[in-house]
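Summary of structural features
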Amino acid sequence: MELFKGYPLKVLAKKGEWAQISDFEGDTGWIHTSLIGKNDTVIVNAKKSVNMRSGPSTKSPVVADVERGVIMTKVDQKGKWIQLKHSSGTVGWIYQPLLWP
């Protein structure tokens, strides 16, 4: 597989300067550890889409509907809610179990 900078990965094992990684669909492979950056992105891992909210609560207004597979940058966390920023600049909160990793 070919990955781009910022693509969320989960490290499964390390051997020397190599890391076995997995993506959100369960595909695995090996990558040189120098190519792994900080873990500040997540990917929406719901069946179709999720609501991005203005605050960390299901009672907060919806600011966007985010499709499965969209990658966003982590900004903050409160309990099981993650504040995220979309590449368009939209910022909001999504419940962590709907994200990967």
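**Remarks on unusual backbone geometry**
For the bond running from W100 to P101, omega is -10°, close enough to zero to count as cis. Along the chain, P101 turns up in the segment after β10 (99–100).

**Looking at the side chain of Q83**
Within the secondary structure, Q83 is located in strand β8 (residues 81–85). Overall, the relative accessible area of 18% leaves Q83 in the buried class. Setting aside chain neighbours within four positions, we find Q83 in contact with T73, K74, V75, D76, V91, G92 and W93.

**A short note on the packing of aromatic side chains**
Scanning the entire structure with this criterion turns up two aromatic pairs. An angle of 85° between the planes, with centres 5.3 Å apart, marks the rings of F4 and Y7 as edge-to-face. When the ring of W81 is compared with that of Y95, the centres are 5.5 Å apart and the planes differ by 55°; the resulting orientation is tilted. On the criterion of sequence distance, the pair formed by W81 in strand β8 and Y95 in strand β9 (residues 91–95) is long-range, its members being 14 residues apart. Residue classification places W81 among the buried residues on the basis of a relative accessible area of 14%.

**Side note on the sheet that holds strand β2 (residues 18–22)**
Taken together, the three strands give an open sheet; going across it, the order is β1-β2-β3, and neighbouring strands pair in antiparallel fashion. Since the sheet does not close on itself, it has two edges, and those belong to β1 (10–15) and β3 (28–32), each with one partner. Across this sheet, the average inter-strand angle for adjacent strands is 30°, counted without regard to direction. Alignment of β1 against β2, held across five bridges, turns out to be antiparallel. What sits directly across from K15, in β2, is W18.

The rules behind the values
Residues numbered from 1 in each chain as written. Predicted model: local features only at pLDDT ≥ 70, side-chain atom pairs only at ≥ 80, totals over all residues. Heavy atoms only, no water. Helix = DSSP H or I, 4+ residues; strand = E, 2+ residues; numbered from the N terminus. Buried < 20%, exposed > 50% of the residue type's maximum accessible area, 1.4 Å probe, protein only. Contact = heavy atoms within 4.5 Å. Phe/Tyr/Trp six-rings, centres within 6.5 Å; stacked < 30°, edge-to-face > 60°. Pairing = 2+ DSSP bridges. Axes fitted to C-alpha atoms, helices over the stretch in contact; angles between N-to-C directions.

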